[in-house]
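# Observations on the three-dimensional arrangement
The lines below spell out each chain.
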Amino acid sequence: METETILVTGANGQIGTVLTEELRRRFGTSAVLSTDIRQTGANNILFEELDVLDSARLSALIEKYGVKQIYHLAAILSAKGEKNPKWAWEINMAGLFNILEAARKYGLRVFFPSSIAVFGGMTPRVDTPQHAVLQPETVYGISKVAGENWCQYFHQKYGVDVRSVRYPGIIGYESLPGGGTTDYAVEIFHSAVKGEAYECFLGPDTRLPMMYMPDAIRATLELMEAPSEKIRIRSSYNLAGVSFTPAEVKEEIQKHYPAFEVSYKPDFRQEIASSWPESIDDSYAREHWGWKPQYGLPEMASDMLEHLREYYAASVS
Ligand code: SER
């Protein structure tokens with residue numbers, strides 16, 4: 001094929017589902033090859049199964065489809081990773097390594113999602129700076145710190161055009177997160193719309209950096225479309241949207257659903273959340289490539305609730 005194809009790994013995941021759709025809307029369905037470990041039905045058009053540990057298959061797909069860019073979203077998230085650290089390390093690290101090697105060989109542009117999980121208890125928690133101590137307390141965070149450094153290395157040594165942001169917790173109505181510490185912030189909206197009470201696995205005052213999906217997708221595409229010389233950080237950019245606690249999001253939801261109830265039963269994820277920042281200083285992203293978030297908590301909450309209402313209404317009718 002002589003086209004310039006964009007390959008997405010982890011295309012059936014929380015961000016992949018939405019990003020793939022947006023890429024197809026912009027560049028055309030046949031310009032985007034969605035891949036994942038297995039077909040789940042989310043992305044049926046132009047889909048190939050791909051285990052990111054299988055470098056031979058990755059190369060074969062790059063050659064077959066004329067791939068020029070990779071959005072490498074396949075990864076094991078923070079909470080799930082703690083259940084099986086060695087496996088999480090293998091997928092997150094060896095997977096990225098295969099992508100970077102392929103990018104070097106075929107001259108590809110790569111997007112690598114890093115995370116607020118790169119930070120740990122040694123980092124200032126409020127307005128966490130770009131260049132802070134990176135001493136994470138989860139295997140996921142360790143793999144993202146190492147990944148960021150490998151990205152920078154491949155850029156410096158081999159000129160690979162790799163770009164990355166440290167995503168906060170991502171909240172969207174189109175897809176569900178799988179195995180993260182910030183998942184509560186999606187689940188809580190689903191419970192509210194279903195008319196159910198929600199039991200939160202973090203305490204009421206746990207403030208974390210979050211971002212609404214449309215902002216996350218826009219940040220990703222703006223970063224990838226920026227002229228190369230503007231991307232002066234090749235490890236990963238701090239990125240901020242909005243910060244809130246479970247109690248604050250509950251109050252916001254109660255403006256729409258006054259009877260909505262939340263109880264709190266912190267589990268092992270509380271410790272992870274307590275090691276992460278409360279808010280992020282993203283001034284380099286703003287300065288270098290013009291990042292600016294659009295959604296605060298009230299706008300996000302009303303948009304989430306409206307879309308979820310439509311979704312549940314359609315699924316019962
Ligand atoms: N949302 C992710 C997680 O909770 C953080 O990058 O694991």
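Bear in mind that the values here come from a model prediction, so they are computed numbers and not experimental data.

## Describing the sheet that holds strand β5 (residues 109-115)
Overall, parallel pairing links the 7 strands, which are arranged β3-β2-β1-β4-β5-β6-β10 in an open sheet. Edge positions in the open sheet fall to β3 (47-49) and β10 (237-238), since each of these has one partner strand only. Here strand β2 (residues 32-36) runs beside β3; their pairing, made up of 3 bridges, is parallel. Bridging from a neighbouring strand, Thr-35 pairs with Glu-48 of β3. The sheet contacts of helix α5 (residues 139-158) involve β5 and β6 (161-167), and relative to β5 the element is tilted by about 150°.

## Here we look at the packing of aromatic side chains
Scanning all chains against the criterion turns up 14 aromatic pairs. Relative to Trp-291, the ring of Trp-289 lies with its centre 6.4 Å away and its plane at 40°, an arrangement referred to as tilted. Judged by relative accessible area, which is 2%, Trp-291 ranks as buried. Ring pairing ties together the aromatic residues Phe-97, Trp-150, Tyr-153, Phe-154 and Tyr-158, which thus form one cluster.

## Looking at the environment of Gly-179
Structurally, the position occupied by Gly-179 is in the loop between β7 (169-171) and α6 (184-194). Overall, Gly-179 belongs to the partly exposed group, its relative accessible area being 22%. In sequence terms Gly-179 and Thr-220 are 41 residues apart; their C-alpha atoms lie 22 Å from each other. Excluding its chain neighbours within four sequence positions, the residues that come into contact with Gly-179 are Leu-77, Ser-78, Ala-79 and Lys-80.

Scoring rules and cut-offs
Position labels on residues start from 1 in each chain and follow its written sequence. This being a predicted model, a pLDDT of at least 70 is required before a residue's local features are given, and a value of 80 or more before pairs of side-chain atoms are given or counted; all residues contribute to the totals for chains, interfaces and linings. With hydrogens and water set aside, each side-chain value is computed from the structure's full complement of heavy atoms. The pairing criterion for strands is at least two bridges between them, as found by DSSP. Where helices and strands are cited, they refer to DSSP runs of H or I of at least four residues and of E of at least two residues respectively, numbered from the N terminus. Should any heavy atoms of two residues lie within 4.5 Å, those residues are counted as being in contact. Between N-to-C directions, angles span 0 to 180 degrees; the directions come from axes that are lines fitted to C-alpha atoms, helices contributing only their stretch in contact. Under the pairing criterion, centres of Phe, Tyr and Trp rings, with the six-membered ring standing for Trp, must be within 6.5 Å; the plane angle then separates stacked pairs below 30 degrees from edge-to-face pairs above 60, leaving the rest tilted. Only protein chains enter the accessibility calculation, which uses a 1.4 Å probe. A residue is then buried if its area is under 20% of the maximum for its type, exposed if over 50%, and partly exposed in between.

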